[in-house]
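Inside the fold
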Amino acid sequence: MQSSIQLFLFISSLSLLSLVGQAQKDTRPTEKAILLEKAFIEASREKILGNYDEAVRLYLDVLQKDHENAVANYELARVYQKLKQSDKALLRAERAVGLDQYNLYYNELYASLLEKEGNYKKAAELYGSLAEHYTSKDILYHEWAYYLTKAERPDQAIKVYNTLEKRKGVKEAISMRKYKLYLGIGKDKKAIAELDKLIKAYPNNAEYVVRLANYYATQKKQDLAQELYKKAIKLDPNNATANMALVEVFAQNGDTTQYLKALKTVFADNQQNVKTKIQILEPLLGKLTKGGLKKHQTSITALAQQLTETHPSTFTTNAYYAHLLFYQEKYNIAERYYQTALSIDKSDIKAWTGLLEAQHRQQGYKRLVVASKDVIELFPSQPIGFYYQGISQHYVGAQEEAKKALEEAAEISVADLTMQGYAYQYLGLVYTALDKDEEAEKAFESALELLPNSAEVLNAYSYSLAERNDQLGKATQLAKEITDREPQNPEFRATYGWVFYKQAKYDDALKQFEQALDLGGTNSPIVLEHYGDTLFQLNKKEKAVEYWQKALDNGSSSSILQRKITTKQLYE
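Keep in mind the model is a prediction, meaning the values are calculated, not measured.

What follows deals with the confidence of the model for the protein chain. The predicted model of the protein chain has a mean per-residue pLDDT of 86, with 92% of residues at 70 or higher. Across residues 1-26, confidence stays below pLDDT 50; counting only partners more than four residues off in sequence or on other chains, it has 30 contacts.

What follows is the structure in structure tokens.
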């Protein structure tokens, strides 16, 4: 700070000496001049230190002794500006310009103060005078035209730009300002002529074509606009503005294929606003997940993926892509993108729900234990974390922990009766595993009361009855009902197989388990283990051990599975 002050004071002293004693350039400074210089330096030092009142006093002292001191008037105007004393600042700036008419710094300050006062006409006169004096300084013409525009003198501003254009040639900054001025005064043909001039001067620049297209679009001359947008894309296939404009055209015409094709370029441009892209993608995802736009699923998925690549650090892009992947049953990839989204923003419970369910669908129960615990910590009043915690603990064999979590989920999900019903369903399975048959029956009764037509609840109930060797006729009836309803569901097929197994109908059981495996049950440790049990009962021991091992490799929590493999014997 000290060195910068010294440098400023040194420069200030030079400035003062250049202005004080103009008639004494070749003579030794007088004592009066030296004292004046000292007072000026002291005033400047106080100004730098922020002691503005003291600086004012000292500058006024200088001016009392030297009324014609332009630099002191200028510095005093700057101090008054700092003190927000506009009238005094304006007066001193005017005085500085009067003493040194063509000083650019003095005029710049004076013009800015005039602008704040709304006196654009006077500011324009200042820059007009400067431009005529410094004919080679383009910036002065631009400032002149700017203040003429502010002073509502567009015709005069255009004349200034024309003068500048004669000297500099066709330039975007000049033509675009003239274009806007012509539009403002209703001279549309001349406005268009400015854009045509740019296009002719720069025939390979797509941006100027886009600007003209935008003009026609605002005038609702869509045919002309479309042709120009197409011309712009020929010049620059990746021009996002032109593609975005055509996106709207294709959307209005119902041409979904071309619409999505045009969006591809827009989405790949990281300069385009991500919120706008998300607003475009959102309804597409909504229609797709509700059963529409099926034939465009690949293109929509590519757009969602493109968003994650172009804007990798945006929560919504990753979350939406994860939702889309989940819808397509690509749970392992969906899980990864849910995790990316949640690493950016942990506050979105929908993304957490998607992550938990994706892990559940993959039977990744050890991961689900960890993730559901995080949700409980973040959202302790929401049932979702307790629900998935209960499911995961059940499948890893921690039944007491599962019971506590599911009881909590059932208790706090009073506003979500569907979740409450499923919580009771899993409680029924937990009680079955704990050999608490009466409690299991009550839990399933509660689940069926809330969700009487749920295939998932009926399936779980049928499985529970089979595990309890209770009402196997009813279990068979339920299993048949749900497999008839959803014949492609591997979980339902496996339950049907297990009901047959419990009735020692091993050939029937085998057929159901084989169908379950063909339908995608090859990663389910329960299906694999039960299939192995069935094979053993049919005296296919080597193959049974093979499937028991597959069940173990897929994360089975069965307490007797390793013993089966080691001894090559069946234990139940």
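Scanning the model with the defined rule gives 18 aromatic pairs in all. With a centroid separation of 5.1 Å and an interplanar angle of 35°, the aromatic rings of F444 and Y461 are classed as tilted. You can see F444 sitting in helix α25 (residues 437-450) and its partner Y461 sitting in helix α26 (residues 455-467), a full 17 residues away along the chain. In terms of burial, F444 and Y461 fall into one category: buried.

This part covers the pattern of salt bridges. Tallied over the entire structure, the rule returns 26 salt bridges. Where K178 meets E165, a salt bridge forms, and the shortest distance between an N and an O atom there is 3.2 Å. A residue pair is termed long-range when its members are at least 10 positions apart, and K178 in helix α10 (residues 172-184) and E165 in helix α9 (residues 154-168) qualify at 13 residues. Classification of E165 as buried rests on a relative accessible area of 13%.

Counting residues in each nonpolar core, the largest one holds 96 residues, and the members touching the most others are L263, F267, L281, I300, Y387 and W548. In terms of residue count, helix α18 (residues 315-327) provides more of this core than any other element does, eight residues in total. Those residues within four positions of L281 in sequence are excluded, and the remaining contacts are F267, I300, L303, A304, L307 and Y320. Grouped together as the second largest cluster of nonpolar side chains are 70 residues, L63, V79, Y80 and V209 included.

Here we take up the environment of K474. Positionally, K474 belongs in helix α27 (residues 472-485). In this structure K474 comes out as partly exposed when scored by relative accessible area, which is 34%. In this structure, the C-alpha to C-alpha distance between K474 and L448, residues 26 residues apart in sequence, is 15 Å. Non-local contacts of K474, meaning those with residues more than four positions away in its chain, are made with Y461 and L465. Side chain to side chain, K474 and Y461 meet in a polar contact 3.4 Å long.

Positive phi is not limited to glycine here, since K84 has a value of about 60°. Along the chain, K84 falls in the loop between α4 (70-82) and α5 (86-99). A relative accessible area of 73% means that K84 is categorised as exposed. The phi torsion at A504 lies on the positive side, around 60°, for a residue other than glycine. Tracing the backbone shows A504 in the loop between α28 (490-502) and α29 (506-518).

This part takes up helix α31 (residues 541-553). For an α-helix, 3.6 residues make a turn, and residues three or four places apart therefore share a direction. Counted at 1.5 Å a residue, the expected span for α31 with its 13 residues is 18 Å, and the 18 Å between its end C-alpha atoms agrees. Turning to α31, its buried residues are A544, V545, Y547, W548 and A551. All buried residues of α31 project into a common sector of 165° when viewed along the axis, lining one side. Seen from the buried face of α31, the exposed residues on the opposite side, beyond 90 degrees, are E542 and D553. Of the surrounding elements, those touching the buried residues of α31 are α29, α30 (525-537) and α32 (561-567).

Looking now at the environment of A479. Along the polypeptide, A479 turns up in helix α27. Exposure remark for A479: the relative accessible area of 0% places this residue in the buried category. Distance in space between the C-alpha atoms of A479 and A460 is 9.4 Å, their sequence separation being 19 residues. Leaving out residues up to four positions away in the same chain, A479 has contacts with S462, Y496 and V499.

Take the packing of α30 against α31 next. Close contact between α30 and α31 brings their axes to 8 Å; oriented N to C, the two are set at 165°. Here α30 is positioned roughly antiparallel relative to α31, judged by the angle of their axes. Crossing geometry of α30 relative to α31 is assigned as left-handed. Note on element contacts: α31 touches α30 through K541, K543, A544, Y547, W548, K550 and A551, opposite P525, L528, E529, Y531, G532, D533, L535 and F536. Of the residues that constitute the contact of α30 with α31, the class distribution is nine nonpolar, one polar and five charged.

Moving on to the packing of helix α19 (residues 331-344) against helix α20 (residues 349-361). Taken N-terminus to C-terminus, the directions of α19 and α20 make an angle of 150°; their axes are 9 Å apart at the nearest point. Classified by the angle between their axes, α19 and α20 sit roughly antiparallel to one another. The handedness of the crossing between α19 and α20 comes out as left-handed. Along its contact with α19, which presents Y331, E335, Y338, Q339 and L342, the element α20 presents A351, W352, G354, L355, A358, Q359 and R361. Classifying every residue of the contact of α19 with α20 by side-chain character gives seven nonpolar, three polar and two charged.

Conventions used here
Residues numbered from 1 in each chain as written. Predicted model: local features only at pLDDT ≥ 70, side-chain atom pairs only at ≥ 80, totals over all residues. Heavy atoms only, no water. pLDDT = per-residue confidence, 0-100. Contact = heavy atoms within 4.5 Å. Phe/Tyr/Trp six-rings, centres within 6.5 Å; stacked < 30°, edge-to-face > 60°. Helix = DSSP H or I, 4+ residues; strand = E, 2+ residues; numbered from the N terminus. Buried < 20%, exposed > 50% of the residue type's maximum accessible area, 1.4 Å probe, protein only. Salt bridge = Lys/Arg side-chain N within 4 Å of Asp/Glu carboxyl O. Core = buried A, V, L, I, M, F, W, Y, C linked by side-chain atoms within 4.5 Å. Polar contact = N/O pair within 3.5 Å; in protein donor to acceptor, adjacent residues only side chain to side chain. Expected span 1.5 Å × (residues − 1). Arc of directions from axis to C-beta. Axes fitted to C-alpha atoms, helices over the stretch in contact; angles between N-to-C directions. Parallel < 35°, antiparallel > 145°, perpendicular 65-115°, else oblique. Left-handed = near helix turned anticlockwise from the far one by under 90°. Nonpolar A, V, L, I, M, F, W, Y, C, P; charged D, E, K, R; others polar.

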